[in-house]
Amino acid sequence: MAADHALAKQLGLKPGIRCWFHNLPDGLRARLDSDALGVEEQATATDGMQCAILCVADDRTLERELAAAAPLLATNGFLWVVHPGDGELQTQRIGDLAAPLHLVLADSCSLGDNWSGLKLIAR
């Protein structure tokens, strides 16, 4: 499958951006081919990362992943929470878990194959 440039644009991925992809499902991972998109993929969450895309399915995992990733975001960085559209996590719950970390909901999108994404930014 070729990289999905329209999806990359919707997610704010631009050539040269430093991004960490965590636990993405295979289909979505193929659509976000960092080499084809010119994204500088980080092997792990690192200080000053401009973008993180976290795939989670439950509250406990999201809470742990947000706590680890949020302090590492660059000042103008953003984080996408990718979750099953029919799963346990819903917009309100994600917002509730993000608020203590000074993250607010900024955008949302459908990622196909029953996956949804919520964009979080620092307030």
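The structure under discussion appears in the preceding block.
First, a word on what this report is: a plain description of the structure on this page. (Residues numbered from 1 in each chain as written. Predicted model: local features only at pLDDT ≥ 70, side-chain atom pairs only at ≥ 80, totals over all residues. Heavy atoms only, no water.)

## Some details on the environment of Arg18
The residue Arg18 is located in strand 1 (residues 18-22) in this model. The exposure class of Arg18 is partly exposed, given its relative accessible area of 28%. In sequence terms Arg18 and Leu7 are eleven residues apart; their C-alpha atoms lie 17 Å from each other. Beyond its immediate stretch of four places on either side in the chain, Arg18 contacts Glu40, Gln42, Gly48, Met49, Gln50 and Cys51. (Helix = DSSP H or I, 4+ residues; strand = E, 2+ residues; numbered from the N terminus. Buried < 20%, exposed > 50% of the residue type's maximum accessible area, 1.4 Å probe, protein only. Contact = heavy atoms within 4.5 Å.)

## Things to note about the pattern of salt bridges
Tallied over the entire structure, the rule returns four salt bridges. Here Arg31 makes a salt bridge to Asp4, at a shortest N to O gap of 2.8 Å. One end of the pair, Arg31, is in helix 2 (residues 26-31); the other, Asp4, is in the segment before helix 1 (5-11), and 27 residues separate them in sequence. On the accessibility criterion, Asp4 (22% relative accessible area) is partly exposed. For the salt bridge of Asp59 with Arg93, the shortest nitrogen-to-oxygen distance reads 2.5 Å. Of this pair, Asp59 sits in helix 4 (residues 59-69) while Arg93 sits in helix 5 (residues 91-98), and the two are 34 residues apart along the sequence. We classify Asp59 as buried; its relative accessible area is 17%. (Salt bridge = Lys/Arg side-chain N within 4 Å of Asp/Glu carboxyl O.)

Just distances and angles here, no functional claims.
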